[in-house]
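What follows is each chain in one-letter form.
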Amino acid sequence: GRTGYKYDIKIYPAKRLFLYFKNNTLDFIIPSQSQIKRFKDIAVFSDKPILNLQLRAYSYSKDTRLPENQNALNGKRVTLIRGYSYFGLLDYINDPSNRIEKRIVNNHESGLLQLVANRTDLFLDYSLPAEYVIKNFGKHEFKHSNLFSQNIYFAISKEYPDCEIVLNRIIREYEDNF
């Protein structure tokens, strides 16, 4: 973009994102509202959210009823990506009284493949990475419902040279183009 910075989009679970940011493997991140506390001492944040991220339940089967809330996951085969926190929904999913048959995959593509192969009823994923992967996935029609949402912010390492100036340039570029 016009900011003159090059970037690669990488998608990491929260713990790995924090570790990479803390040890300066990453200089710039896009954390959710619930992650801000974890990064507050080592990052400068955008003043306002850049978007709202949804936790979605994806389905491939026309017969699968999409859940409107977490209770509708009860008794279902649900696929999750290893390492993600799912906005705190894991405690509910792991509670045996909810009879949720949990399946774990290593990435977004594998979760979608589980749906296509009818090995799961629902695949839980965040809207931003899921839509990015679905766009490049092929001619499959996935349907979804939104379970939860959180605001997302830009953040840059306080150790990055001229971090506040760079953050403001990135925000302006984003606002001008999105």
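So, a few notes on the structure that sits alongside this text. (Residues numbered from 1 in each chain as written. Predicted model: local features only at pLDDT ≥ 70, side-chain atom pairs only at ≥ 80, totals over all residues. Heavy atoms only, no water.)

## Re the pattern of salt bridges
Inspection of every chain in the model, using the stated rule, returns 5 salt bridges. With a closest N to O distance of 3.1 Å, Arg-77 and Asp-121 form a salt bridge. With Arg-77 in strand β4 (residues 77-81) and Asp-121 in the loop between α4 (108-116) and β6 (122-126), this pair connects stretches of sequence that are 44 residues apart. With a shortest N-O distance of 2.5 Å, Glu-101 and Arg-103 are connected by a salt bridge. Looking at Glu-101, the relative accessible area reads 41%, which means it is partly exposed. Take Arg-103: its relative accessible area is 26%, and that puts it in the partly exposed class. (Salt bridge = Lys/Arg side-chain N within 4 Å of Asp/Glu carboxyl O. Helix = DSSP H or I, 4+ residues; strand = E, 2+ residues; numbered from the N terminus. Buried < 20%, exposed > 50% of the residue type's maximum accessible area, 1.4 Å probe, protein only.)

## Things to note about the nonpolar core
One finds Leu-73, Tyr-86, Leu-89, Leu-112 and Leu-124 to be the most contacted residues of the largest nonpolar core, which totals 38 residues. Those elements that place two or more of their residues in this core are β3 (51-59), β4, α3 (90-94), α4, β6, α5 (127-135), β7 (143-152) and α6 (163-177). A per-element tally of this core places α6 first, with 5 residues. Beyond its immediate chain neighbours, meaning those up to four positions away, Leu-124 contacts Leu-55, Arg-56, Ala-57, Leu-73, Val-78, Thr-79, Leu-80, Tyr-86, Leu-89, Ile-93 and Leu-147. Counting 8 residues, the second-largest nonpolar core is a separate cluster that includes Leu-17, Phe-21, Ile-29 and Phe-45. (Core = buried A, V, L, I, M, F, W, Y, C linked by side-chain atoms within 4.5 Å. Contact = heavy atoms within 4.5 Å.)

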